Amino acid sequence: MAAPTLFTPIQLGRTLAANRMLMAPLTRARATPGDHIPSEMMVQHYADRASSGLLITECSMVAPLTSAFYSEPGVHTPAQLAAWKKVTDAVHAKGGKIFCQIWHAGRAAHPDLNDGAEPVGPSAIAIDGTVHGPNGKVPYVVPRELTLNEISDIVAQYATAARNCVEVAGFDGVEIHGANGYLIDQFLKDSSNTRTDAYGGSRENRGRFLREVVAAVVDAIGGDRVGIRFSPLNSFNSQKDSDPVAFSEYVAKAMNEFDLAFVHVLRGDFFGKQTGDVVPIFREHYKGILVANAGYSREEAEEAIASGKVDAVAFGTPWLANPDLDERFKRNAPLNTPNSATFYSGGAEGYNDYPTLAQLEAQKE
């Protein structure tokens, strides 16, 4: 058999992806502030990118008063789910597949974004630096340490969100956000978790919340509709684990219990503070479909898939700026340049106005 390529279909649980060029989750802050309802702009944005093998949405709140970005979407109210149904219908009408990334910000939430509600986390340790809110840049605050009962409640919120995403909003599945310094990652890493109870201390204890969330979501919608994302090296949100190699081996092995659609690994560090190659650790210890992300060129992605290092690659900014990325890769055509000034600006500019090849060619005629 010929080696797979970026354009070879792949089975992700019960979802058949037409190619192995997934769209990575990208927060774009285009939902409506306050109620976190997906906007009409988002319908076009995702539908325009339906040729991705699988679209993974931006992180979406499983609970109220947990905002970290002011205008990110949620999946915890009927209005939010109804708006997401417009997105999934538009994607499906174009033959696409779409998972919702479900998420709790934990200590990355801020009172200024949440009607004064205090953030929570595994331990009372604040993120360094500032967050941009409606009143400008403000320092992160010390979160309140979650009680055992509150942890159980949040596990249930993940399960409810997953069920609503599939049964009400029409998503093909969900990706659990276990990366980038948000609540699950906060429990996993020893820089943010100094608890001394059953959810802290040993790696097994720090992984308890992860395992409980995954088990609850799998029980709600089936493991074949569930993916999860990890970032062992990423120092974003003041995150660091003292042993990212052991971290990677632990979470890779732990996910074998659940028969998931895929595990998604962000391989690098946004800030370049931590280096290493964790993808081979996941390949060795995780027995299911492995998706990797962060800085892949078309050529590197092709080589990684063909050689079996990974099964698929999730592209972020290339999809952001190129709604027809698959066509451009097929034709080895130039890519649009992403405009970072509009990543979170809230309007249609830099969101739904990147031209396709067909549009560019029509302009030349």
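Scroll up for the structure.
All values reported here derive from a predicted model rather than from experimental measurement.

(A) Quick look at the overall build of the chain. Across its full length, the chain carries 12 helices and 14 strands. Relative to a compact globule of 365 residues, whose C-alpha radius of gyration would be 21 Å, the chain shows 19 Å and is just as compact. Expressed along its principal axes, the backbone C-alpha trace of the chain runs to roughly 65 × 45 × 40 Å. By residue count, 58% of the 365 residues in the chain fall in the buried class.

(B) Here's a closer look at the pattern of salt bridges. Tallied over the entire structure, the rule returns 19 salt bridges. For the salt bridge of Glu118 with Arg144, the shortest nitrogen-to-oxygen distance reads 2.9 Å. Here Glu118, found in the loop between β5 (98-103) and β6 (120-121), pairs with Arg144, found in strand β9 (residues 144-145); they are 26 residues apart in sequence, far enough to count as distant. We classify Arg144 as partly exposed; its relative accessible area is 29%. Across the salt bridge formed by Arg331 and Glu327, the nearest N and O atoms sit 3.7 Å from each other. Of this pair, Arg331 and Glu327 both sit in helix α11 (residues 325-331), separated by four residues, roughly a single helical turn. By relative accessible area, Glu327 is classed as partly exposed at 30%. Within the structure, one salt-bridge network assembled from shared partners comprises Glu118, Arg144 and Glu150.

(C) Expanded view of the nonpolar core. In terms of nonpolar packing, the biggest core is built from 86 residues, with Ile102, Phe209 and Met255 touching the most fellow members. Not counting residues within four places of it along the chain, the set of residues in contact with Phe209 comprises Ile151, Ile154, Val155, Tyr158, Leu183, Ile184, Phe187 and Tyr199.

(D) Expanded view of the side chain of Ser235. When you line up the elements, Ser235 lands in the loop between β11 (226-230) and α7 (244-255). Residue Ser235 is classed as buried on the basis of its relative accessible area of 8%. Once residues within four sequence positions are removed from consideration, Ser235 is found in contact with Asp269, Phe271, Lys273 and Gln274.

Definitions and cut-offs
Positions within a chain are numbered from 1, following the residues in the order the chain's sequence is written. Under the rules for a predicted model, residues below a pLDDT of 70 receive no local features and side-chain atom pairs below 80 are neither given nor counted, while totals for whole chains, interfaces and linings still include all residues. Side-chain measures here rest on the full set of heavy atoms in the structure, leaving out hydrogens and waters. Numbering of helices and strands runs from the N terminus; a helix is a DSSP stretch of H or I covering at least four residues, while a strand is a stretch of E covering at least two. As defined in this context, the radius of gyration uses C-alpha atoms, and a globule is described by 2.2 Å times the residue total to the power 0.38. To sort residues, take the accessible area from a 1.4 Å probe on protein chains only and compare it with the maximum for the residue type: under 20% means buried, over 50% means exposed, and anything in between is partly exposed. The salt bridge definition used is simple: a Lys or Arg side-chain nitrogen within 4 Å of an Asp or Glu carboxyl oxygen. In these notes, a set of buried Ala, Val, Leu, Ile, Met, Phe, Trp, Tyr and Cys residues joined through side-chain atoms within 4.5 Å is what counts as a nonpolar core. Here a residue-residue contact requires only that any non-hydrogen atoms of the pair lie within 4.5 Å.

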